[in-house]
Amino acid sequence: MSTDLPKRVGITLTEHLLSTQPKDSRGEFTLLNMAMMTAIKVIEKNIRAAGLAGNFGYVGQSNNASGDDQAKLDVISNDVFKASLASTGTVFIMGSEEEDYGVLVDKDRRGCYMLCFDPLDGSSNIDANVSVGSIWGVWRVDPGQYDVSTKEAVSKVLLQRGSSLVASGYAMYGSATNVVMTCGNGVNGFTLDATIGEFVLTHPNMKMGKKRIYSVNEGNTKYWHPWFKTYVDSLKNQKKPYTARYIGSMVADVHRTILYGGIFCYPDDSKSKSGKLRYLYEAAPMAFIVEQAGGVATTGAARILDIQPEKLHQRVPVFLGSKSEIATMMTFYNKGSKSKL
């Protein structure tokens, strides 16, 4: 009988968290992330079985809290996130794209963390088997400082700046299931190894790539502000034009932007005057990741992480990319702003 040890599969996400957490940590953050990974694995199984289980399509005429059509898998994913996170005893309050108001955890199960999440980003693509994902941000709060006597008061607790995030991440469900996350000390990517049911570190210390790629929904061209149209035209009309790539799932588009480089844009325009993407559970968590990967995240007018949200489902313009690409975009933005004076 061989006495050789089995080959090491790599560092798991849990091992990574345990090895990088502060020495005085009480394990609450690790427990929270373990519950998050369980939720992601449950969602991944539901996505892969959706066709056979009849879970493609939409929930009648229902819309979610921010006005988007609500897919069946949106509802399933939202329920999975809420149940998994609330059970840990580490969470105080949650905000979701699928909920009108903040969700307060039962009093005997409350902890000190606040989470905002989009449980299934890009769900309009799900029936076409296009990559979709989940996005989340984690804040640490003092529950004793807040009035939670009404549902409106509960939602106000969630109005935190992105600069106060302690962690954020996204999961992408595609040919593989990936998790990319930051705790403020760089960005690491993990891939689900289905043979052991664990996320394994496959992309350590991720940094913004350097390829010339732009990602934007050009179906909205007729609504764009003149400065932005001029900017995109400039990318197309260079001696060596930029490559265009747009999937329509923020997770997939931003993941590619981090790995390969370039810029991801979802500007405000004459149709979406405040932008399309939501601050607390899309823009801010992704901005934290992009900055930690060496990139820049801006609305044009301000650094995304510095914005003080005024409502749970607030929308903002979003530009994410490498420092050089954002700097180029900003020259067009600033010229456009001056022309309005």
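Structure: see above.
Now for a look at the structure at hand.

## A few points about the overall build of the chain
Thinking step 1. Within the chain one finds nine helices and 17 strands.
Thinking step 2. Within the span of the chain, comprising 341 residues, buried residues form 52% of the whole.
Thinking step 3. Pairs at least 24 apart in sequence give 65% of the contacts found in the chain among residues at least 6 apart.
Thinking step 4. Of the accessible surface of the chain, which amounts to about 15,800 Å², a share of 51% is contributed by carbon and sulfur atoms.

## Some remarks on unusual backbone geometry
Thinking step 1. Despite not being glycine, Asn 205 has its phi angle at roughly 50°, a positive value.
Thinking step 2. By the element assignment, Asn 205 lies in the loop between strand 10 (198-203) and strand 11 (213-215).

## Regarding the pattern of salt bridges
Thinking step 1. Under the criterion given, the structure shown has nine salt bridges.
Thinking step 2. For the salt bridge of Glu 44 with Arg 48, the shortest nitrogen-to-oxygen distance reads 2.5 Å. Residue Glu 44 and its partner Arg 48 are located together in helix 2 (residues 28-48), separated by four residues, close to a single helical turn.
Thinking step 3. Residue Glu 44 is classed as buried on the basis of its relative accessible area of 7%.
Thinking step 4. The partner of Arg 303 in a salt bridge is Asp 306, with the nearest N and O atoms 2.8 Å apart.
Thinking step 5. Look at Arg 303 and you get partly exposed, because its relative accessible area is 35%.

## So, the sheet that holds strand 12 (residues 243-244)
Thinking step 1. A sheet is described by the order of its strands in space; here five strands give the open sequence 12-11-13-17-15, paired in mixed fashion. Strands at the two margins of the open sheet, each flanked by one partner only, are strand 12 and strand 15 (296-298).
Thinking step 2. Bridging between strand 11 and strand 12 involves two bridges; their strand directions are parallel. Note on strand 12: the bridge partner recorded for Tyr 214 is Ala 244.
Thinking step 3. Contacting strand 15 and strand 17 (318-321), helix 8 (residues 279-292) crosses the sheet at an angle of about 20° to strand 17.

## Describing the environment of Leu 305
Thinking step 1. Take Leu 305: it is sitting in the loop between strand 15 and strand 16 (315-316).
Thinking step 2. Judged by its relative accessible area of 1%, Leu 305 is buried.
Thinking step 3. Linking Leu 305 and Ala 287, residues 18 residues apart in sequence, is a C-alpha distance of 6.7 Å.
Thinking step 4. Aside from chain neighbours lying at most four places away, what touches Leu 305 is Arg 161, Gly 162, Ser 163, Leu 165, Tyr 279, Ala 284, Ala 287, Phe 288 and Glu 291.

## Side note on the nonpolar core
Thinking step 1. If you look at the biggest cluster of nonpolar residues, it comprises 45 residues, and the most contacted ones within it are Met 250, Ile 258, Met 286, Val 318 and Leu 320.
Thinking step 2. In terms of residues, this core owes the most to one element, helix 8, which gives 10 residues.
Thinking step 3. Residues in contact with Met 250, not counting those within four places in the same chain, are Asp 121, Ile 135, Phe 264, Leu 277, Glu 282, Met 286, Val 318 and Leu 320.
Thinking step 4. Formed by 34 residues, the second largest nonpolar core is a distinct cluster that contains Met 36, Val 105, Phe 117 and Leu 192.

## Let's talk about the sheet that holds strand 7 (residues 165-173)
Thinking step 1. Taken together, the eight strands give an open sheet; going across it, the order is 4-3-5-6-7-8-9-10, and neighbouring strands pair in mixed fashion. The open sheet is flanked by strand 4 (103-104) and strand 10, the only strands paired with a single partner.
Thinking step 2. Judged from the five bridges that link them, strand 3 (residues 91-96) and strand 5 (residues 113-121) form a sheet pairing that is parallel. Its bridge partner lying in strand 5, Gly 95 is registered against Cys 116.
Thinking step 3. Contacting strand 3, strand 4, strand 5 and strand 6 (132-140), helix 4 (residues 72-86) runs over the sheet at an angle of about 155° to strand 5.

## Considering empty space enclosed by the protein
Thinking step 1. For the coordinates displayed, the defined rule picks out two cavities of 30 Å³ or more.
Thinking step 2. Empty space within the largest cavity amounts to approximately 70 Å³.
Thinking step 3. Residue lining of the largest cavity: His 16, Leu 17, Thr 20, Met 181, Thr 182, Cys 183, Asn 185, Gly 186 and Asn 188, and that is the complete set.
Thinking step 4. Listed by contribution, the elements that provide at least two residues to the lining of the largest cavity are helix 1 (13-20) and strand 8 (177-182).
Thinking step 5. At three residues, helix 1 tops the list of elements feeding residues into the lining of the largest cavity.
Thinking step 6. Looking at the lining of the largest cavity residue by residue, the class counts come to three nonpolar, six polar and no charged.
Thinking step 7. What the second largest cavity holds in volume is close to 40 Å³.
Thinking step 8. Together, Val 216, Asn 217, Asn 220, Trp 224, Cys 265, Tyr 266, Pro 267 and Asp 269 line the second largest cavity.
Thinking step 9. Residue classes in the lining of the second largest cavity are distributed as five nonpolar, two polar and one charged.

The rules behind each value
Residues numbered from 1 in each chain as written. Predicted model: local features only at pLDDT ≥ 70, side-chain atom pairs only at ≥ 80, totals over all residues. Heavy atoms only, no water. Helix = DSSP H or I, 4+ residues; strand = E, 2+ residues; numbered from the N terminus. Buried < 20%, exposed > 50% of the residue type's maximum accessible area, 1.4 Å probe, protein only. Contact = heavy atoms within 4.5 Å. Areas by Shrake-Rupley, 256 points an atom, 1.4 Å probe, with all protein chains shown as cover. Salt bridge = Lys/Arg side-chain N within 4 Å of Asp/Glu carboxyl O. Pairing = 2+ DSSP bridges. Axes fitted to C-alpha atoms, helices over the stretch in contact; angles between N-to-C directions. Core = buried A, V, L, I, M, F, W, Y, C linked by side-chain atoms within 4.5 Å. 1 Å grid on protein atoms, 1.4 Å probe; cavity = no way out; pocket = protein on both sides within 12 Å on 5 of 7 lines; lining within 4 Å. Points joined across faces, edges and corners; volume = space filled by probe spheres on them. Nonpolar A, V, L, I, M, F, W, Y, C, P; charged D, E, K, R; others polar.

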